[in-house]
Amino acid sequence: RLTERVWDNQKLSIRTKANVYRSCDCSTLLYGSETWTLPSVQEKKINTFHLRCLRRILGITWQQKITNEEVLRRTGLTTMYFTLSQRRLRWLGHILRMNTKRIPKFLLYGELVVGKRNRGRPKLRFKDVCKRDLKSLNIGTDDWELLANDRAKWRSTIHKRLQEREKEYFRKTKKKMKK
């Protein structure tokens, strides 16, 4: 229904289309993503879908050879890597500041006393994905708790470091394209 009313509507600005996309499609797509434990392959697929939708909104075909960075710049949105990491780390900070009797905090810091792990590679846990995100942002896994106790500082640090990471991601992409 959004195709003819919004995406193909020539009277609407790109900014309006991007806001509709973010509020309708992205919120549906990312519902509950704060707790997802996605392997990087799945994150890449979500990001590919995201960029395909943005290209559709902008009316860009693959033959035009416009970079992902340019597509994101035109719409004013970020990659899904950025969004997923931001949501996970905000949720992690929220869990840290929770009362110790709350279930999410109990699960994050809890340890199994008994049990047996299956053979093979262990399943990805929320802790593992958060450690991966913290490591990519150069936030130590030992001192993140001190930073996360101050909500405003935690959010601003995450946002600033994720923007830096996204810029670095596009720099690396440009280098690959030149080779």
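Thresholds applied
- Residues numbered from 1 in each chain as written.
- Predicted model: local features only at pLDDT ≥ 70, side-chain atom pairs only at ≥ 80, totals over all residues.
- Heavy atoms only, no water.
- Helix = DSSP H or I, 4+ residues; strand = E, 2+ residues; numbered from the N terminus.
- Buried < 20%, exposed > 50% of the residue type's maximum accessible area, 1.4 Å probe, protein only.
- Contact = heavy atoms within 4.5 Å.
- Patch = residues over 30% accessible without salt bridge, like charges linked within 9 Å, V, L, I, M, F, W, Y side chains within 5 Å.
- Areas by Shrake-Rupley, 256 points an atom, 1.4 Å probe, with all protein chains shown as cover.
- Salt bridge = Lys/Arg side-chain N within 4 Å of Asp/Glu carboxyl O.
- Lys, Arg positive; Asp, Glu negative; His and termini not counted.
- Charge placed at Lys NZ, Arg CZ, Asp CG, Glu CD.
- Phe/Tyr/Trp six-rings, centres within 6.5 Å; stacked < 30°, edge-to-face > 60°.
- Disulfide = S-S within 2.5 Å.
- Core = buried A, V, L, I, M, F, W, Y, C linked by side-chain atoms within 4.5 Å.
- Axes fitted to C-alpha atoms, helices over the stretch in contact; angles between N-to-C directions.
- Parallel < 35°, antiparallel > 145°, perpendicular 65-115°, else oblique.
- Left-handed = near helix turned anticlockwise from the far one by under 90°.
- Nonpolar A, V, L, I, M, F, W, Y, C, P; charged D, E, K, R; others polar.

Draft legend 1. Structural context of the side chain of Ser85. By secondary structure assignment, the location of Ser85 is in helix H5 (residues 80-97). Owing to a relative accessible area of 1%, Ser85 belongs among the buried residues under this scheme. Apart from residues lying up to four places away in sequence, Ser85 is in contact with Asp133, Leu162 and Arg165.

Draft legend 2. Main features of a positive patch on the surface. Taken together, the side chains of Lys44, Lys172, Lys175 and Lys176 make up a positively charged region of the molecular surface. At 3 residues, the largest contribution of residues to the positive patch is made by helix H9 (residues 151-178). With respect to the helices and strands, Lys172 occurs in helix H9.

Draft legend 3. Just the packing of aromatic side chains, in detail. For the coordinates displayed, the defined rule picks out 4 aromatic pairs. With 5.5 Å between their ring centres and 65 degrees between their planes, Tyr81 and Tyr169 make a pair best called edge-to-face. Pair noted here: Tyr81 is in helix H5 and Tyr169 is in helix H9, with a separation of 88 residues, a long-range link. Judged by its relative accessible area of 34%, Tyr169 is partly exposed. Aromatic side chains Tyr169 and Phe170 sit 5.3 Å apart centroid to centroid with 65 degrees between the ring planes, which places their arrangement in the edge-to-face category. Ring pairing ties together the aromatic residues Tyr81, Tyr169 and Phe170, which thus form one cluster.

Draft legend 4. How the structure looks around the state of the cysteines. Taken as a whole, this structure holds 0 disulfides when the rule is applied. Between Cys26, a cysteine without a disulfide, and Cys53, which holds the nearest cysteine sulfur, the sulfur-to-sulfur distance is 7.8 Å.

Draft legend 5. Structural detail: the nonpolar core. Of all hydrophobic cores here, the largest spans 21 residues; its most connected members are Tyr21, Leu54 and Val71. A per-element tally of this core places helix H3 (residues 40-58) first, with 6 residues. Within the second largest apolar cluster, 18 residues are counted, among which are Phe82, Leu89, Ala148 and Ile158.

Draft legend 6. Just the side chain of Asp133, in detail. Looking at the element boundaries, Asp133 is found in helix H7 (residues 126-136). Residues contacting Asp133, with those up to four places away along its chain left out, are Ser85, Arg88, Leu89 and Arg165.

Draft legend 7. Representation of the packing of H5 against H7 within the structure. Between H5 and H7, the shortest axis-to-axis distance is 10 Å and the interhelical angle comes to 115 degrees. It follows from the interaxial angle that H5 and H7 lie roughly perpendicular. When you trace H5 past H7, the crossing you get is left-handed. In this structure, H5 contributes Ser85, Arg88, Leu89, Trp91, Leu92 and Ile95 to the contact, and H7 contributes Phe126, Val129, Cys130, Arg132, Asp133 and Leu134. In terms of residue class, the contact of H5 with H7 is built from 8 nonpolar, 1 polar and 3 charged.

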